[in-house]
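Single-letter residue listing:
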Amino acid sequence: MKVSIVTVTYNSAATVEDTIKSVVNQDYKNIEYIIIDGLSKDNTLDIVNKYKDKIALVVSEKDQGIYDAISKGIKKATGDIVVALNSDDMYASNDVISKVAELFKNSHADAVYGDLNYVDRNDTTKIVRKWKSGTYKKGQFLKGWMPPHPTFFVRKHCYEKYGSFNLTLKSAADYELMLRFIHKHHIKLAYLPQLIVNMRAGGQSNVSI
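All residue numbers refer to position in the chain's written sequence, counted from 1. Only residues with pLDDT of at least 70 get local features here, since the model is predicted, and only at 80 or more are side-chain atom pairs given and counted; chain-wide, interface and lining totals rely on the full set of residues. Hydrogens and water are ignored here; the side-chain numbers use all heavy atoms of the structure.

> Hey, could you run me through the overall build of the protein chain in this one?
By the criteria applied, helices consist of DSSP H or I runs no shorter than four residues and strands consist of E runs no shorter than two, each listed in order from the N terminus. From N to C terminus, the protein chain includes six helices and nine strands. Relative to its length of 209 residues, the protein chain is compact, with a C-alpha radius of gyration of 16 Å against a globular reference of 17 Å. Counting only C-alpha atoms, the protein chain reaches 45 × 35 × 35 Å along its principal axes. The buried share of the protein chain, reckoned over its 209 residues, is 54%. When checking whether two residues touch, look at their non-hydrogen atoms; a contact exists if any pair is within 4.5 Å. Long-range pairs, those at least 24 residues apart, make up 75% of the contacts in the protein chain between residues at least 6 apart in sequence. To measure how exposed things are, a 1.4 Å probe is used in the Shrake-Rupley method; for residues, cover is taken only from the protein chains shown. Accessible surface, the protein chain as shown: approximately 9,900 Å² in total, 49% of it carbon and sulfur. His is not counted, nor are the chain ends, whereas Lys and Arg count as positive and Asp and Glu as negative. We put the charge of a Lys on NZ, of an Arg on CZ, of an Asp on CG and of a Glu on CD. Side chains of the protein chain give 29 positive and 23 negative charges; the mean places of these two sets differ by 5 Å. C-alpha atoms define the radius of gyration in this analysis, and the globule rule sets the expected value at 2.2 Å times the number of residues to the power 0.38. For every residue, the accessible area obtained with a 1.4 Å probe (protein chains only) is divided by the maximum for its type, and the residue is called buried under 20%, exposed over 50%, and partly exposed between those limits.

> In this structure, what is going on with the side chain of K72? I would like to understand it.
Structurally, K72 can be placed in helix α3 (residues 66–76). Polar contacts, as counted here, are pairs of nitrogen or oxygen atoms within 3.5 Å of one another; within protein the pair requires one atom able to donate a hydrogen and one able to accept it, and residues that are adjacent in sequence qualify only if both atoms are side-chain atoms. A distance of 3.0 Å separates the side chain of K72 from the backbone oxygen of K62, its partner in a polar contact. Beyond its immediate sequence surroundings of up to four residues, K72 is in contact with I36, E61, K62 and D63.

> Is there a simple way to think about the environment of I5 in this case?
Position of I5 among the secondary structure elements: in strand β1 (residues 3–9). The class of I5 is buried, set by a relative accessible area of 0%. Separated by 179 residues in sequence, I5 and K184 have C-alpha atoms that sit 25 Å apart.

> Just checking my understanding: could you explain the pairing of strand β6 (residues 111–119) for this structure?
In regular strands, side chains alternate between the two faces of the sheet. A large share of β6 lies buried, amounting to nine of its nine residues. Strands pair, by our definition, only if DSSP identifies at least two bridges between them. Here β6 runs beside strand β8 (residues 153–155); their pairing, made up of two bridges, is antiparallel. By the bridge assignment, A111 is partnered in β8 with V154. Summarising the sheet, β6 and strand β9 (residues 189–200) pair through eight bridges and their orientation is parallel. Bridge assignment links A111 to a residue of β9, and that residue is L189.

> Just checking my understanding: could you explain the pattern of salt bridges for this structure?
Side chains that differ in charge, positive against negative, can pair when their charged atoms come close. Salt bridge, as used here: a side-chain nitrogen of Lys or Arg that lies within 4 Å of a carboxyl oxygen of Asp or Glu. The full count for this structure, using the stated rule, is seven salt bridges. Note that K72 is salt-bridged to E61, the shortest N-O span being 2.9 Å. With a gap of 11 residues between them, K72 in helix α3 and E61 in the loop between β3 (57–60) and α3 connect regions that are remote in the sequence. For E61, a relative accessible area of 33% corresponds to the partly exposed category. With a shortest N-O distance of 3.9 Å, K132 and D115 are connected by a salt bridge.

Okay, here's the thing in structure tokens:
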């Protein structure tokens with residue numbers, strides 16, 4: 001089972017190396033790593049190129065924002081499973097992808113998700129807030145529940161069947177996609193009850209943290 005991980009970058013030199021290391025240090029071997037850059041003006045691509053032998057594809061071109069860039073990466077992905085990892089986020093341990101792949105195999109789910117910690121932007125050992133997802137129950141989206149998007153691993157055929165991000169929604173595009181997949185189309189979910197991602201607080205979708 002191939003897992004495609006898409007990281008979108010734009011002037012991400014301060015954080016992207018932590019992100020890349022958390023991917024290339026995974027103990028799961030069948031990973032396709034794709035980086036979609038929005039024509040960074042800093043040395044983001046210099047950092048990316050240090051790891052080019054472990055990155056399947058690097059694209060640097062103008063885009064219409066983060067969700068347009070993620071959509072490009074999803075289209076280019078050749079894996080059975082696709083996930084987006086932001087350029088200031090990190091996998092919490094080196095066995096995250098192994099655990100996710102194992103759950104996909106055992107559960108036959110369409111999507112797997114887990115828990116996330118918000119961490120301090122400068123001191124990533126400092127936890128700002130914990131996001132415990134819990135097991136999904138039908139109708140919970142209408143009560144405010146949603147999984148953390150960076151932990152949302154999805155079979156690629158779901159994107160092919162149900163579509164990708166709605167770019168008109170800007171920062172709410174990830175919420176709408178998960179709402180569409182889970183609440184509207186009832187894809188089969190499996191919850192991995194462990195910390196999957198450490199997300200730096202203060203990013204595009206969590207400016208109030």
